[in-house]
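Coordinate inspection notes
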Amino acid sequence: MQIVELLMAILAAAIIMVLHEFPKAVYYCISSEIRTSKDWWKKIICLHRYIDPIGMVLAVVSYAGFSKPLMFRVQNQKKNFRMGIIGFLCLLVTCFFSVAVLKYYYGMQILSVTVTGFSAITAELFWIYMAALSAGMFLINLFPVSIFDMGLCIAGVSSRHYLGIIKNDMLIKVILMLAIAMGVIRYFAFGIVKLLLAAPF
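Here is a short report on the structure shown in this document. The model shown is predicted, which means the values in this text are computed figures rather than measured ones.

Residue position: Lys24 is located in helix 1 (residues 2-30). Residue class for Lys24 comes out buried when judged on its relative accessible area of 3%. If near-sequence neighbours (up to four positions away) are discounted, Lys24 is found in contact with Met83, Ile86, Gly87, Asp149 and Leu152.

On to a nonpolar patch on the surface, then. Among the surface-exposed residues, Met170, Val174, Leu178, Met182, Val184, Tyr187 and Phe188 lie close enough to one another that they form a single nonpolar patch of about 780 Å² accessible area. If you list the elements that add at least two residues to the nonpolar patch, you get helix 8 (169-181) and helix 9 (184-198). With a relative accessible area of 47%, Phe188 lands in the partly exposed category.

Our focus in this paragraph is the environment of Asn80. Its place among the elements puts Asn80 in helix 4 (residues 77-105). Sequence separation between Asn80 and Tyr28 is 52 residues, and the spatial gap between their C-alpha atoms is 9.1 Å.

If you check the backbone angles, Tyr63 has positive phi at about 60 degrees while not being a glycine. With respect to the helices and strands, the residue Tyr63 is situated in the loop between helix 3 (53-62) and helix 4.

A few words now on the packing of helix 1 against helix 4. The description of two helices packed together rests on the angle between their axes and the distance between the axes. Helix 4 packs onto helix 1 with a crossing angle of 150 degrees between their chain directions and a minimal axis gap of 9 Å. Taken together, the axes of helix 1 and helix 4 are roughly antiparallel relative to one another. In terms of crossing hand, the pair formed by helix 1 and helix 4 is right-handed. Together, Ile16, Leu19, His20, Pro23, Lys24, Tyr27 and Tyr28 of helix 1 and Lys79, Arg82, Met83, Ile86, Gly87, Cys90, Leu91 and Thr94 of helix 4 make up the contact between the two elements.

Looking now at the nonpolar core. Counting residues in each nonpolar core, the largest one holds 53 residues, and the members touching the most others are Leu102, Leu133 and Ile140. Looking at this core, the elements with two or more residues in it are helix 1, helix 3, helix 4, helix 5 (118-140), helix 6 (149-157), helix 8 and helix 9. For this core, the leading source of residues is helix 5, giving 15 residues. Residues contacting Leu102, with those up to four places away along its chain left out, are Gly107, Met108, Glu124, Trp127, Ile128, Ala131 and Leu197. Membership of the second largest hydrophobic core comes to 12 residues, among which are Ala25, Leu70, Ile86 and Cys90.

Definitions and cut-offs
- Residues numbered from 1 in each chain as written.
- Predicted model: local features only at pLDDT ≥ 70, side-chain atom pairs only at ≥ 80, totals over all residues.
- Heavy atoms only, no water.
- Helix = DSSP H or I, 4+ residues; strand = E, 2+ residues; numbered from the N terminus.
- Buried < 20%, exposed > 50% of the residue type's maximum accessible area, 1.4 Å probe, protein only.
- Contact = heavy atoms within 4.5 Å.
- Patch = residues over 30% accessible without salt bridge, like charges linked within 9 Å, V, L, I, M, F, W, Y side chains within 5 Å.
- Areas by Shrake-Rupley, 256 points an atom, 1.4 Å probe, with all protein chains shown as cover.
- Salt bridge = Lys/Arg side-chain N within 4 Å of Asp/Glu carboxyl O.
- Axes fitted to C-alpha atoms, helices over the stretch in contact; angles between N-to-C directions.
- Parallel < 35°, antiparallel > 145°, perpendicular 65-115°, else oblique.
- Left-handed = near helix turned anticlockwise from the far one by under 90°.
- Core = buried A, V, L, I, M, F, W, Y, C linked by side-chain atoms within 4.5 Å.

So, in structure tokens, the structure goes:
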């Protein structure tokens, strides 16, 4: 069963990474002059590009994964901000949808397996990981790292502040790694899922 849990965690993490980055890439493409470029569309639909190996390991080990964005050159501040918001919304929708499946399909009110049978348990584990990992990735993206969603939002609001987070990039990443190592992201990710499961709606 541990192998099954590991496989479900990897599958869920990979799907979340794609769901997080693919809509941003599509928005960038359709809102830019490159929307007619077949080469760019070929890059965008190669979904494996969005799966970050280090992010995958952190997702499986500490529920604190992150995806690999395509490297865009965005000069428009509004577009940067919108891409950041799209990223956050994709993670929130994924988390809420996964919790809704657990709550209304499986009847889960506390975070524990409610079914019997190998295939049923496997499916339920998948949705548990989808909920927890998307919540964890949302929390990770709240850190103002330049390529994360919060970084995009800051770039969309103030170029000066964006340069500030680039200058302090190493310090921010050290704080982020400490939060991951201390289990802070995992704690709050599961806390969010438990809170949503217990909510009276």
